Structures are given as structure tokens and as C-alpha cells.
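# Analysis of the macromolecular model
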Amino acid sequence: MRNSRHTPAPTDSSNTADLPTATVRTRVTVPLRFGDGYTVTADLVTFHSLADGQEHVAVILGPSNPDQTPLVRLHSECLTGDVFGSARCDCGPQLREAVERIATTGGVLLYLRQEGRGIGLYNKLDAYALQDQGLDTYEANAALGLAEDARDYTAAAQMLAALGIGELDLLSNNPDKAGQLGALGVTVRHRVPTGVFTTAHNVHYLRAKVLQTQHTLPLTELTAG
């Protein structure tokens, strides 16, 4: 495993008490509508005092049941995929899937302002240009002198603590998300895989995530078709 990935220092606590405290700033109900016609009503929550100073948002969906472990997704912002429907990644379909699955069971989607695995939009597009020359997504970041994955989930753990969530089921194929949350004192009971959303343009990207960062995606399905 390459050493340019971000790995947080583990905490000494088994809970989130050691984290800087974040508090809820605003909670507002917003009806959501997706391009395929799916609609759902969510509460959007903003926060004070997040560790990285970014404007992350919690999207609270579905029934609230204190006796049931909430389903949670940490979704990193992807302008190209979430807004413009880019076929070079699977972010847009993952976002759409996550909202419906969480709305069905009850839980939270944390929409985190971490474009390009934390390197920013311009750098992500620079990396795309290098991928067009044959590098994979991680090699392209490294060629730009950037971390393969610069994301830190301290703010996510703060948001969960502010919402009173200390244990969850994590909707993710990425073991690093579960690992970081665990190190930050959040109990990840189960890691629930997302669907596999392949296109002719993203299959090499998805294969790289499996081979380089052990995402739980079935390699046999990752063919160009």
C-alpha cells in the first residue's frame, strides 16, 4: 500500500468525547427531486465549529427510530458526477441510490465538501487529463504531487456526534471510511456495500479502486462491456 494515502492517528477513546464539539447551526426541511423523477423530503442540517471549516451538510432521511441503528453514507462532493452526470465516475448514481436506501430505512447522508478525494475540482480535472494519457486515478494524483486520497473524516465524526449518532451501519464500499470513523470513536456495526454502477468510461477507475484501495466491488463485473 502506498504511503501517500491519508491515515488518521487513532484516538485513545472508544467514543467521540475527544473530538472538538460541533453543534447544529440550522435544520430545515427541503423537498428533493432527482432527474429520474424520484422525490423525497429531507431535513438538511448545518453545523458550527467543524474541524476543517468546510460547509458540510447532513441530509436526514426516512423514519426516525431510536431503537434502530441508522444507515449512514459519507458522500464526498462530486460536481461532475452529482450535478452534471459525468460517466467517468459512479458518484451520481451512488448519491441517488444512497438517498433512496436511507429514506427507506432511516438515517443520514453526510454530504462532504471533499471534491476529488479532497484535492479540489481544478486538481481533479488536471488528474483527468493525465488519466486520458493512461494513468489510473491514483497514479494521476501522485503525478501531480498530491495525495492519492486526502480525505479526513474528523468533521464527519463531529457531525454524527452533534446528531447524537454513535453507532451506525455505513453504506460504503470504501474500507478507509469505516477505519477512520472507528479511529475517531464512531462504532461502525456493519459496512453495507453500494451498487455497482459501471459505464464504458468509468470501468478502469472502478477497477483501480478495487486493486489500489481495496474497495469492495466485484472485479468480475468491472468489464468495459
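What you see is a predicted model, and the numbers here were worked out from it, not measured in a lab. (Residues numbered from 1 in each chain as written. Predicted model: local features only at pLDDT ≥ 70, side-chain atom pairs only at ≥ 80, totals over all residues. Heavy atoms only, no water.)

## A closer look at unusual backbone geometry
Phi at Ser 49 takes a positive value of approximately 70 degrees, unusual for a residue other than glycine. By the secondary structure assignment, Ser 49 is in the loop between strand 2 (39–48) and strand 3 (57–61). Even without a glycine there, the phi angle at Arg 117 is positive, about 55 degrees. Within the secondary structure, Arg 117 is located in helix 3 (residues 115–118). (Helix = DSSP H or I, 4+ residues; strand = E, 2+ residues; numbered from the N terminus.)

## Observations regarding the nonpolar core
Among the nonpolar cores identified, the biggest contains 25 residues, and Leu 74, Leu 110 and Leu 160 are the most heavily contacted of them. Among the elements that make up this core, the one with the highest residue count is helix 6 (residues 154–162) (5 residues). Those residues within four positions of Leu 160 in sequence are excluded, and the remaining contacts are Val 72, Leu 110, Ile 165, Leu 168, Leu 181 and Val 186. Leu 32, Val 59, Leu 95 and Ile 102 belong to the second-largest nonpolar core, a separate cluster that totals 15 residues. (Core = buried A, V, L, I, M, F, W, Y, C linked by side-chain atoms within 4.5 Å. Buried < 20%, exposed > 50% of the residue type's maximum accessible area, 1.4 Å probe, protein only. Contact = heavy atoms within 4.5 Å.)

## Quick notes on the environment of Val 57
If you trace the backbone, Val 57 turns up in strand 3. Residues in contact with Val 57, not counting those within four places in the same chain, are Leu 44, Val 45, Leu 109, Leu 110, Tyr 111 and Met 159.

## Re the side chain of Arg 96
For Arg 96, the position within the fold is in helix 2 (residues 91–105). Note on Arg 96: relative accessible area 18%, which makes it buried. Apart from residues no more than four positions distant in its own chain, Arg 96 is found in contact with Phe 34, Asp 36 and Tyr 38.

## Structural notes on the pairing of strand 1 (residues 23–33)
In this structure, strand 1 lies alongside strand 2, joined through 10 bridges in antiparallel fashion. Each residue of the ladder has a partner; that of Val 28, found in strand 2, is Leu 44. Once strand 1 ends, the chain turns through 5 residues before running back antiparallel as strand 2, passing Gly 37 with a positive phi of about 95 degrees. (Pairing = 2+ DSSP bridges.)

## Some points on the pairing of strand 7 (residues 187–192)
In the sheet, strand 6 (residues 167–171) pairs with strand 7 via 5 bridges, with the strands oriented parallel. Counterpart to Asp 169 in the pairing with strand 7 is His 190.

## Points about helix 4 (residues 121–131)
Taken together, the buried positions of helix 4 are occupied by Lys 124, Ala 127, Tyr 128, Leu 130 and Gln 131. Angular distribution of buried residues about the axis of helix 4 spans 160 degrees; they occupy a single face of the element. Tucked into the core, helix 4 has its buried residues touching helix 1 (79–83), helix 3 and helix 5 (137–143). (Arc of directions from axis to C-beta.)

## Describing the pattern of salt bridges
Scanning all chains against the criterion turns up 9 salt bridges. Residue Glu 100 pairs with Arg 96 through a salt bridge whose shortest N-O separation is 2.8 Å. One end of the pair is Glu 100 and the other is Arg 96, both in helix 2 and 4 residues apart, which spans about a single turn. Glu 115 is paired through a salt bridge with Lys 124; the nearest N and O atoms lie 2.5 Å apart. The buried category is assigned to Glu 115, whose relative accessible area is 8%. Salt bridges here are not isolated pairs; linked through shared partners, they connect Asp 36, Arg 96 and Glu 100. (Salt bridge = Lys/Arg side-chain N within 4 Å of Asp/Glu carboxyl O.)

## Quick look at the environment of Leu 44
Mapping Leu 44 onto the fold places it in strand 2. Each C-alpha atom, one on Leu 44 and one on Tyr 111, is 9.9 Å from the other, the two residues being 67 residues apart in sequence. In contact with Leu 44, not counting residues within four places along its chain, are Thr 26, Arg 27, Val 28, Val 30, Val 57, Ala 58 and Val 59.

## Details of the environment of Asp 169
Within the secondary structure, Asp 169 is located in strand 6. On a C-alpha basis, the gap between Asp 169 and Gly 107 in space is 9.1 Å, while along the polypeptide they are 62 residues apart. Beyond its immediate chain neighbours, meaning those up to four positions away, Asp 169 contacts Thr 69, Pro 70, Leu 71, Val 72, Arg 189, His 190 and Val 192. Here the side chain of Asp 169 touches His 190 through a polar contact of 3.3 Å, landing on its backbone nitrogen. (Polar contact = N/O pair within 3.5 Å; in protein donor to acceptor, adjacent residues only side chain to side chain.)

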